[in-house]
Amino acid sequence: MSWRLISLVVLALVGSGYAVADLVPLLSDEGMRLLIGSSGGSGREYVELSANLQTQVNQAFCGVATAATLLNTLEVGNRPVDETYYPYHFFTQKDIFEVDCVRAVNSHGNPSGMDYEYVRHHGLTLQQVAGILACFANVTVYSPSSFSIQAFRETVKHSLQKGAGIAVNVNRHTLHQVGGGHFSPIAAFNEKLDMMLFMDVARYKYSPAWIPVENLYDAMNTIDPSEDAKRGWIVARRPPNAMPKKIVGQLDLGAGDTAVGEFDAGPRQRPGFVHLLVGPAIAVVLFASMAVAIQRRRQAYKDIDNI
């Protein structure tokens, strides 16, 4: 077997996300068990984010794809209208640059400001992604220089529970992956096994995977040479005046300026008497249907024996 073929095989394995040490692919039995056992147990956070997950349009757009993913998930107000999807409001990795506030984000003297071409050539730093998100959401930036790994756990746990979005800026080398600095959102946290679900926006390269929190923190606790500062994570919360167009169950996903761990999810509607009876009634119907099906199958087997 030639070295070229061996290299292709290794690259294919690494690219699939299945050959990286300590990472558990979401689309595996163990990965699904981790999702079921994540905080809350419903997988709601994962479903909301995965429904809006964007694949970065080029290899420098991980920060833009992550920002667009979080903003669409949060359903913030003041969303632009891309000509492709007119008249619907939806963040793409193109129309996000049409907002004046985004173009004003620090682009280190680029004459046309923060635009598509600038990012295509330079990528984005942690502060720049935070600046883009801050045009539409309430944003807090965290650095391993100031916040411990336990603070990271608590921040992610409470943010996910309250419908906030989390973006992490990591060094792929620390995770034994191919590449350098990278952004992607976090969709779930399994406290028991201390792993977080990393929804890679480079979906052509790596599939979603569970990463041990210690490994993820170490990957953020690295220097971004483009700004000579530590990487870190960002929490984006929907402003209080930007109500979502969809409500999940009875949970108000709005968030304000309160600190992590002090989110006000709003009052929850208590189920009425009729609602309390619906679940047991459905269970009885399903049980009766199963019993009938089993009886019919047994009768079919008897008929076959009599042939």
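Look up a bit, the structure's there.
Residues numbered from 1 in each chain as written. Predicted model: local features only at pLDDT ≥ 70, side-chain atom pairs only at ≥ 80, totals over all residues. Heavy atoms only, no water.

This part is about the state of the cysteines. This model, assessed by the stated rule, comprises one disulfide. Between the sulfur atoms of Cys 101 and its disulfide partner Cys 135 the distance amounts to 2.1 Å. Judged by the sign of its S-S torsion, about -80°, the cystine formed by Cys 101 and Cys 135 is left-handed. Of the two residues, Cys 101 sits in helix 5 (residues 100-103) while Cys 135 sits in the loop between helix 7 (126-134) and strand 2 (138-142), which places them 34 residues apart along the sequence. On the basis of relative accessibility, which here comes to 38%, the residue Cys 101 falls in the partly exposed class. Given the relative accessible area of 15%, Cys 135 is considered buried. (Disulfide = S-S within 2.5 Å. Helix = DSSP H or I, 4+ residues; strand = E, 2+ residues; numbered from the N terminus. Buried < 20%, exposed > 50% of the residue type's maximum accessible area, 1.4 Å probe, protein only.)

With that settled, the discussion passes to the pairing of strand 9 (residues 232-237). The buried fraction of strand 9 amounts to six of the six residues, a majority that puts the element mostly inside the structure. Direction of pairing for strand 2 relative to strand 9: antiparallel, over a ladder of five bridges. Note on strand 9: the bridge partner recorded for Val 141 is Ile 234. Pairing analysis gives five bridges linking strand 3 (residues 165-171) to strand 9, with the strands arranged antiparallel. Looking at strand 9, one finds that Ile 166 is bridged to Val 235. (Pairing = 2+ DSSP bridges.)

The next subject is empty space enclosed by the protein. Evaluated as defined, the whole model comprises two cavities of 30 Å³ or more. Looking at the largest cavity, its volume works out to about 140 Å³. Lining the largest cavity are 16 residues, and of these Glu 45, Glu 48, Thr 73, Gly 163 and Ala 164 lie nearest its centre. Among the secondary structure elements, those contributing two or more residues to the lining of the largest cavity are helix 3 (44-50), helix 4 (62-74), strand 3 and strand 4 (181-190). It is helix 3 that contributes the most residues to the lining of the largest cavity, four residues altogether. Residue classes in the lining of the largest cavity are distributed as nine nonpolar, three polar and four charged. Estimates place the volume of the second largest cavity at around 50 Å³. Ser 38, Ser 39, Glu 45, Lys 157, Leu 160, Gln 161, Ala 188 and Phe 189 together form the lining of the second largest cavity. Those elements that provide at least two residues to the lining of the second largest cavity are helix 8 (149-161) and strand 4. Considering each element in turn, the lining of the second largest cavity owes the most residues, three residues, to helix 8. (1 Å grid on protein atoms, 1.4 Å probe; cavity = no way out; pocket = protein on both sides within 12 Å on 5 of 7 lines; lining within 4 Å. Points joined across faces, edges and corners; volume = space filled by probe spheres on them. Nonpolar A, V, L, I, M, F, W, Y, C, P; charged D, E, K, R; others polar.)

What follows deals with the pattern of salt bridges. Applying the stated criterion across every chain yields a total of five salt bridges. When the shortest N-O distance is used, the salt bridge between Glu 83 and Lys 94 registers 3.2 Å. With a gap of eleven residues between them, Glu 83 in the loop between helix 4 and helix 5 and Lys 94 in the loop between helix 4 and helix 5 connect regions that are remote in the sequence. Assessed through its relative accessible area of 63%, Glu 83 is described here as exposed. (Salt bridge = Lys/Arg side-chain N within 4 Å of Asp/Glu carboxyl O.)

Further remarks concern the packing of aromatic side chains. Applying the stated criterion across every chain, the model contains eleven aromatic pairs. Centre to centre, the rings of Phe 61 and Tyr 116 are 4.7 Å apart; their planes meet at 55°, and the pair counts as tilted. Taken together, the residues Phe 61 in the loop between helix 3 and helix 4 and Tyr 116 in helix 6 (residues 116-122) connect sequence positions 55 residues apart. Exposure remark for Phe 61: the relative accessible area of 0% places this residue in the buried category. Seen in terms of ring centroids, Phe 152 and Tyr 217 are 6.4 Å apart; in terms of plane orientation they differ by 40°. Their pairing is tilted. Within this pair, whereas Phe 152 is found in helix 8, its partner Tyr 217 is found in helix 9 (residues 213-220), the two being separated by 65 residues in sequence. On the accessibility criterion, Phe 152 (0% relative accessible area) is buried. Exposure remark for Tyr 217: the relative accessible area of 9% places this residue in the buried category. Grouped by ring-pair contacts, the aromatic residues Tyr 142, Phe 147, Phe 152, Tyr 217 and Trp 233 constitute a single cluster. (Phe/Tyr/Trp six-rings, centres within 6.5 Å; stacked < 30°, edge-to-face > 60°.)

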